[in-house]
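# Chains, contacts and geometry: an overview
Spelled out from the first residue to the last, the chains are:
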Amino acid sequence: ANPKTEMLIDYLAYSQHWEPSYIRQRMLPFLSTIFLREMASDPNTELLCGQYAFHSIHRMKVRYGHQLYVVKWRKAARTVADAVYTTPEEPNAQQELGEANDSIDLLDEVDVPQIHIDDGCWYLLTDEDMELVRNAFPEKVDQFLKEQVRRKHLFPLSVCLILFSSFTNVTSINKSRN
């Protein structure tokens, strides 16, 4: 199911003197697209490149006029029981990488997966076509969209509650003065 990439990696490492990790990083967006297409047609595929599991949709973004989902992939490790677990974070790794942020920097390289650290878990972020993600993981898309609606409705509600509590405090102060 996954394309055989090791010969290409070996060739580029030899002829271009590129590090294999650099080559894999540059290939991941292409491989994730292939993976999502396969998931849409055959949901039995489990891991991207045999090691990354689809976790969730991080956010939406627009690039060159096209709406995309930023997808979170988590590193997975296989065990004898064939269960999938996340890999624990190394203690000094967050200091080495710095804090990840969601701002869009125009100098960021296009199609290079970013590393996102959330509650001690590491995720790779890739930009993916919205329709492709919906076809591969419809339940995750529905969950993401419901969360977006909930967040948009929660914000005005919290503002109303703050205003209401301020109003009741002012009203009670005015009553105590009279």
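These figures come from a predicted structure and were not determined experimentally. (Residues numbered from 1 in each chain as written. Predicted model: local features only at pLDDT ≥ 70, side-chain atom pairs only at ≥ 80, totals over all residues. Heavy atoms only, no water.)

## A few points about the environment of Glu147
- Mapped onto the elements of the fold, Glu147 is located in helix H5 (residues 138–177).
- Here the side chain of Glu147 touches Arg150 through a polar contact of 2.7 Å, side chain to side chain. (Helix = DSSP H or I, 4+ residues; strand = E, 2+ residues; numbered from the N terminus. Polar contact = N/O pair within 3.5 Å; in protein donor to acceptor, adjacent residues only side chain to side chain.)

## Concerning the nonpolar core
- Ranked by internal contacts, the top residues of the largest apolar core, which has 24 residues, are Leu36, Phe54, Tyr69, Trp73 and Val133.
- For this core, the secondary-structure elements that each account for two or more residues are helix H1 (6–15), helix H2 (20–41), strand E1 (52–63), strand E2 (66–78), helix H4 (130–136) and H5.
- The element contributing the most residues to this core is H2, with seven residues.
- Excluding residues that lie within four positions of it along the chain, Val133 makes contacts with Leu36, Phe54, Ile57, Tyr69, Val71, Glu128, Pro138 and Val141. (Core = buried A, V, L, I, M, F, W, Y, C linked by side-chain atoms within 4.5 Å. Buried < 20%, exposed > 50% of the residue type's maximum accessible area, 1.4 Å probe, protein only. Contact = heavy atoms within 4.5 Å.)

## A word on the pairing of strand E4 (residues 114–118)
- Pairing of E4 with strand E5 (residues 121–129), which is carried by five bridges, proceeds in the antiparallel orientation. Looking at the pairing, Gln114 lines up with Leu125 of E5.
- Hairpin connection, E4 to E5: the antiparallel pair is bridged by two residues, and Asp119 has positive phi, about 50°. (Pairing = 2+ DSSP bridges.)

## With respect to H2
- Given a rise of 1.5 Å per residue, 22 residues ought to cover 32 Å, and the 30 Å separating the end C-alpha atoms of H2 matches this to within 8%.
- Leu28 marks where H2 bends most, by close to 40°; the proline Pro29 follows one to four residues later.
- Inspection of H2 places Ile23, Met27, Leu28, Pro29, Leu31, Ser32, Phe35, Leu36, Glu38 and Met39 among the buried residues, and these make up the whole buried set. (Expected span 1.5 Å × (residues − 1). Bend = angle between axes of the 7 residues up to and from the residue.)

## Topic: the packing of H1 against H2
- Remark: H1 packs on H2, axes separated minimally by 9 Å, with the N-to-C direction vectors making an angle of 130°. Accordingly, the angle class assigned to the pair H1 and H2 is oblique. Like other packed secondary-structure pairs, H1 and H2 cross with a definite hand, here right-handed. Contacts from Glu6, Leu8, Ile9, Leu12 and Ala13 in H1 reach Pro20, Ile23, Arg24 and Met27 in H2.
- Broken down by class, the residue content of the contact of H1 with H2 amounts to seven nonpolar, no polar and two charged. (Axes fitted to C-alpha atoms, helices over the stretch in contact; angles between N-to-C directions. Parallel < 35°, antiparallel > 145°, perpendicular 65-115°, else oblique. Left-handed = near helix turned anticlockwise from the far one by under 90°. Nonpolar A, V, L, I, M, F, W, Y, C, P; charged D, E, K, R; others polar.)

## Thoughts on the side chain of Lys61
- Its place among the elements puts Lys61 in strand E1.
- Not counting residues within four places of it along the chain, the set of residues in contact with Lys61 comprises His66, Gln67, Leu68, Val70 and Asp127.

## Regarding the layout of surface pockets
- In this structure, the second largest pocket occupies an estimated 200 Å³ of space.
- Lining the second largest pocket are His55, Ser56, Ile57, His58, Lys72, Lys140, Gln143, Phe144, Glu147, Gln148 and Arg151.
- At the level of elements, E1 and H5 are the ones that each hand at least two residues to the lining of the second largest pocket.
- Considering each element in turn, the lining of the second largest pocket owes the most residues, six residues, to H5.
- Class assignment for the residues of the lining of the second largest pocket results in two nonpolar, five polar and four charged. (1 Å grid on protein atoms, 1.4 Å probe; cavity = no way out; pocket = protein on both sides within 12 Å on 5 of 7 lines; lining within 4 Å. Points joined across faces, edges and corners; volume = space filled by probe spheres on them.)

## Things to note about the packing of aromatic side chains
- Applying the stated criterion to the full structure yields five aromatic pairs.
- Measuring from ring centre to ring centre gives 5.6 Å for Trp18 and Tyr22, while their planes differ by 70°; the resulting arrangement is edge-to-face.
- Taking relative accessible area as the criterion, Trp18 reaches 36% and is therefore assigned partly exposed.
- A relative accessible area of 34% places Tyr22 in the partly exposed class.
- Judged by centre distance (4.0 Å) and plane angle (15°), the ring pair of Phe54 and Phe137 falls under stacked. With Phe54 in strand E1 and Phe137 in the loop between H4 and H5, this residue pair connects regions lying 83 residues apart in the sequence. Both residues of the pair, Phe54 and Phe137, belong to the buried class. (Phe/Tyr/Trp six-rings, centres within 6.5 Å; stacked < 30°, edge-to-face > 60°.)

Honestly, it's all geometry; don't read function into it.
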